[in-house]
Amino acid sequence: MEGNGAGEENVDGAEGAGSSEMGSLGRCLSSFVDEGSLESHRYYLSRRTVLEMLRDRGYSVPSAEIDQSLQEFRAIHGQNPDIDRLKFSAAHNLYPSRKILVIFCGPGVVKVSSIRHVAAQIVNRESLAGLILILQNQITNQALKSVDLFSFKVEIFQITDLLVNITKHVLKPKHEVLTDQEKQKLLEKYSIEEKQLPRLLKGDAIVRYYGLEKGQVVKVTYCEDITESHVTYRCVW
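The structure presented is a predicted model; accordingly, all values stated were derived computationally and were not measured.

S.K.: Can you explain the overall build of the protein chain? Please cite residues and give values.
M.R.: A tally of regular secondary structure across the protein chain gives nine helices and eight strands. For the protein chain, buried positions account for 34% of its 237 residues. Put simply, the protein chain shows about 14,900 Å² of open surface, and 52% of that area lies on carbon and sulfur atoms.

Written out as structure tokens, the structure reads:
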């Protein structure tokens, strides 16, 4: 009987230690759990990616905006952000009169009425070089046709495509957009024509990230652990 008592005591002690460890582990893991709303987190991530995207395109974007933490974002916009307050514009570093506007659309299907609402938010259209619409749902064909009526370039992204900045992925090679002069020097150096370069389709994620147009050339640098780094050039087609 004494032996059984000792055994039970040891078992209870072991269980107590295990529970303590699990409790400690639980508290540790809980620090990584986001207790805020999923909606605010998605807006935060997508907005940050767009800010980085515009900076990489040569637009003036304050570092403080890009470096803003999720907690700071929620302190400003709350757990259920007002999409009208999320819109912002940026001017190009080299051409300050060239501005681009970013507007978030609501969670519903984007219809013609939604595009009319977007149009109503646009002021100083003459100074606007482009518009980026961030959707959370599908857009109707009629709405797409109405977008084509704008006098400036309109780019459409799904919010899920902006939750991660693809250019920061470790498996993604480095991309550099060539200037017209650099492109011309490249063609002259190898005595080739533009059509002889490998192609990048306009729907490619990198092309969309940098907002490239047909005929622009991108320098792609691959860095491998096993093989030496090598460079190739691709033309948007």
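Still more ground to cover, so stick around.
S.K.: An account of the side chain of Gln 68 is needed here, citing residue identities and associated values.
M.R.: Note that Gln 68 resides in the loop between α3 (63–66) and α4 (70–77). The residues contacting Gln 68, other than those within four sequence positions of it, are Tyr 44, Arg 47, Phe 73 and Ile 76.

S.K.: Account for the environment of Arg 47, with residues named and values stated.
M.R.: Inspection of the secondary structure assignment puts Arg 47 in helix α2 (residues 38–56). Considered as a pair, Arg 47 and Phe 104 are 57 residues apart in the sequence and their alpha carbons are 9.1 Å apart. Arg 47 has contacts with Glu 65, Gln 68, Phe 73, Leu 86, Phe 88 and Phe 104, leaving out every residue within four places of it along the chain.

S.K.: Mind laying out the environment of Lys 99, listing which residues take part and the relevant values?
M.R.: Residue placement: Lys 99 occurs in strand β2 (residues 99–104). Distance from Lys 99 to Leu 128, taken between C-alpha atoms, is 5.0 Å for residues 29 residues apart in sequence. In contact with Lys 99, other than residues within four places in its own chain, are Tyr 59, Ala 90, Ala 91, Ser 127, Leu 128, Ala 129 and Gly 130.

S.K.: Any details on the nonpolar core? Residues and values, ideally.
M.R.: Grouped together as the largest cluster of nonpolar side chains are 32 residues, with contacts concentrated most on Val 50, Leu 54, Val 102, Ile 132 and Ile 134. Mapped by element, the contributors of at least two residues to this core are α2, α4, β1 (88–91), β2, β3 (128–135), α9 (205–210) and β7 (217–222). Discounting chain neighbours no more than four positions away, the residues touching Ile 132 are Met 53, Leu 54, Arg 57, Ile 100, Leu 101, Val 102, Ile 103, Glu 155 and Phe 157. Formed by 18 residues, the second largest nonpolar core is a distinct cluster that contains Leu 101, Cys 105, Leu 128 and Val 154.

Cut-off values and rules
Residues numbered from 1 in each chain as written. Predicted model: local features only at pLDDT ≥ 70, side-chain atom pairs only at ≥ 80, totals over all residues. Heavy atoms only, no water. Helix = DSSP H or I, 4+ residues; strand = E, 2+ residues; numbered from the N terminus. Buried < 20%, exposed > 50% of the residue type's maximum accessible area, 1.4 Å probe, protein only. Areas by Shrake-Rupley, 256 points an atom, 1.4 Å probe, with all protein chains shown as cover. Contact = heavy atoms within 4.5 Å. Core = buried A, V, L, I, M, F, W, Y, C linked by side-chain atoms within 4.5 Å.

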